[in-house]
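Listed here are the chains, written in short residue letters.
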Amino acid sequence: MCSYSRYLIFRHTGKKKHLLRILHAEYKNLYEGIRPVPFEPDEQCHIDHIYVDGGIAFLVPGAGRKGHGAWRQLKSRHDIFSNNLPGLSVCIMDGEFGYGKSILTVKLVHDWCTRESDSPLKDVEIVLLFQMRKVHSPASITEAMKQYLLPENCSLSEEDLDTIVSTAKSCVVILDGLDEYPHFRTDKDSEIMQLISRENFKNVTKVLVTSRFAETRLIDSKRMRLTGFDNSAWIDYTSKCYKDKPQVTKGMIAYLEENPELCESLSSSIVLFNICTYFLCQTNFALLPAYYRNFEKCNYEFSKS
């Protein structure tokens with residue numbers, strides 16, 4: 001190998017390492033800046049302080065009595081990218097508002113950054129997370145990286161990014177909130193949308209798309225869905241979010257013991273949050289105005305689901 005070829009390899013490797021450092025820093029800002037209480041913007045915490053695995057189900061094609069498919073529960077989020085699910089190169093993760101789609105994607109990139117031992121992502125070279133509500137114009141993958149993942153003064157060009165991604169040993173792309181992408185209904189030809197149909201970037205190992213079901217039901221893809229919290233999960237979640245306010249968890253448990261028919265409503269974290277805040281406001285009435293503003297916002301989001 002000539003010295004110039006070695007120089008090109010060295011230069012490419014250096015640029016890839018630079019990109020990975022930037023991605024790690026960007027994702028760190030995400031997973032260390034989680035807001036456990038939506039109407040208290042100054043209160044932020046690390047994702048591990050509040051994250052609880054909810055239920056995730058995978059649609060097995062051809063299963064079930066009539067062959068229309070059957071939903072089977074995954075053991076944990078780590079199974080999303082498991083090789084035990086053959087052919088799962090593109091997957092739509094359905095979940096209604098408040099079921100934790102976005103926080104799940106942040107937890108997944110946290111697993112990648114920290115090389116979580118149980119996560120298949122620890123062996124993936126590049127993970128790209130696009131929060132689609134922030135992508136305001138149809139773009140190529142490299143344009144989206146440049147605009148939404150990298151700092152303005154980043155020295156990496158789109159050509160550099162294209163080379164890095166196209167030569168990566170493995171690459172996972174996560175499109176969070178596809179239904180919130182402003183051009184979702186009109187953009188059919190951009191590289192981002194072509195990822196879903198596998199028409200471009202053949203080297204991308206897997207693509208995970210999160211969305212509300214109503215917006216993606218016509219997309220032909222493998223399917224997963226968030227099924228929400230069971231009883232032990234919501235108790236764990238409540239204890240984490242309100243660890244300094246034990247009266248909230250105690251009030252919740254006592255109330256649900258008297259009204260067990262309400263347990264099913266706690267599968268959604270946003271519903272759980274609102275009920276918890278009700279108990280919190282009973283001890284601090286100053287929170288009531290903010291609570292009602294948040295409650296109205298939640299009702300509006302549910303009406304769009």
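Just so we're clear, the structure is a prediction, and the values are computed from it rather than from any experiment.

As a general point, the strands of a sheet are linked pairwise by backbone hydrogen bonds and lie either parallel or antiparallel. Taken together, the seven strands give an open sheet; going across it, the order is β2-β1-β7-β3-β6-β5-β4, and neighbouring strands pair in mixed fashion. Looking along the sheet, the strands with just one partner apiece sit at the ends: β2 (70-73) and β4 (126-131). Strand-to-strand twist of the sheet, defined as the mean angle between neighbouring strand axes without regard to direction, takes the value 25°. As defined by bridge partners, strand β1 (residues 55-60) adjoins β2 across four bridges and the pair is classed as antiparallel. Note on β2: the bridge partner recorded for Val 60 is Ala 70.

So, about the environment of Leu 178. Residue position: Leu 178 is located in the loop between β5 (171-176) and α5 (191-197). Separated by 48 residues in the primary sequence, Leu 178 and Phe 130 place their C-alpha atoms 9.5 Å from one another.

Further remarks concern the side chain of Thr 142. Structurally, Thr 142 is set in helix α3 (residues 141-148). Non-local contacts of Thr 142, meaning those with residues more than four positions away in its chain, are made with Glu 158, Leu 161 and Asp 162.

All right, on to the confidence of the model for the chain then. Residues of the chain with pLDDT of at least 70 account for 72%, and the chain-wide mean is 78. Note on residues 299-305: pLDDT under 50 across the span, and ten contacts to partners over four residues away in sequence or across chains.

Next up on the list: helix α7 (residues 231-241). Burial in α7 covers these residues: Ala 233, Trp 234, Tyr 237, Thr 238 and Cys 241. Each buried residue of α7 lies within a common arc of 130° when the element is viewed along its axis, so the set occupies one face.

To continue, consider the packing of aromatic side chains. Where two aromatic rings form a pair, the distance of their centres and the angle of their planes describe that pair. Per the counting criterion, the structure on display carries one aromatic pair. Over the face of the ring belonging to Trp 71 we find Arg 225, whose NZ or CZ atom lies 4.1 Å from the ring centre.

The final tally for this structure, using the stated rule, is eight salt bridges. Here Glu 125 and Lys 16 are joined by a salt bridge, their closest N and O atoms 3.0 Å apart. Linking Glu 125 in the loop between α2 (101-114) and β4 with Lys 16 in helix α1 (residues 3-31), this pair joins segments that are 109 residues apart in sequence. For Lys 16, a relative accessible area of 12% translates into the label buried. A cluster of three or more residues bridged by salt bridges with shared partners is formed by Asp 53, Arg 77 and Asp 111.

The subject of this paragraph is the pairing of β5. Counting buried positions along β5 gives six out of six residues, so the element sits mostly inside the fold. Of the two faces of β5, both are covered, the one formed by Cys 171, Val 173 and Leu 175 as well as the one formed by Val 172, Ile 174 and Asp 176. In this structure, β4 lies alongside β5, joined through six bridges in parallel fashion. Among the inter-strand pairings, Phe 130 is bridged to a residue of β5, identified as Leu 175. Bridging between β5 and strand β6 (residues 206-211) involves five bridges; their strand directions are parallel. Paired with Leu 175 across the bridge in β6 is Val 209.

Definitions and cut-offs
- Residues numbered from 1 in each chain as written.
- Predicted model: local features only at pLDDT ≥ 70, side-chain atom pairs only at ≥ 80, totals over all residues.
- Heavy atoms only, no water.
- Pairing = 2+ DSSP bridges.
- Helix = DSSP H or I, 4+ residues; strand = E, 2+ residues; numbered from the N terminus.
- Axes fitted to C-alpha atoms, helices over the stretch in contact; angles between N-to-C directions.
- Contact = heavy atoms within 4.5 Å.
- pLDDT = per-residue confidence, 0-100.
- Buried < 20%, exposed > 50% of the residue type's maximum accessible area, 1.4 Å probe, protein only.
- Arc of directions from axis to C-beta.
- Phe/Tyr/Trp six-rings, centres within 6.5 Å; stacked < 30°, edge-to-face > 60°.
- Lys NZ or Arg CZ within 6 Å of the ring centre and 35° of its normal.
- Salt bridge = Lys/Arg side-chain N within 4 Å of Asp/Glu carboxyl O.

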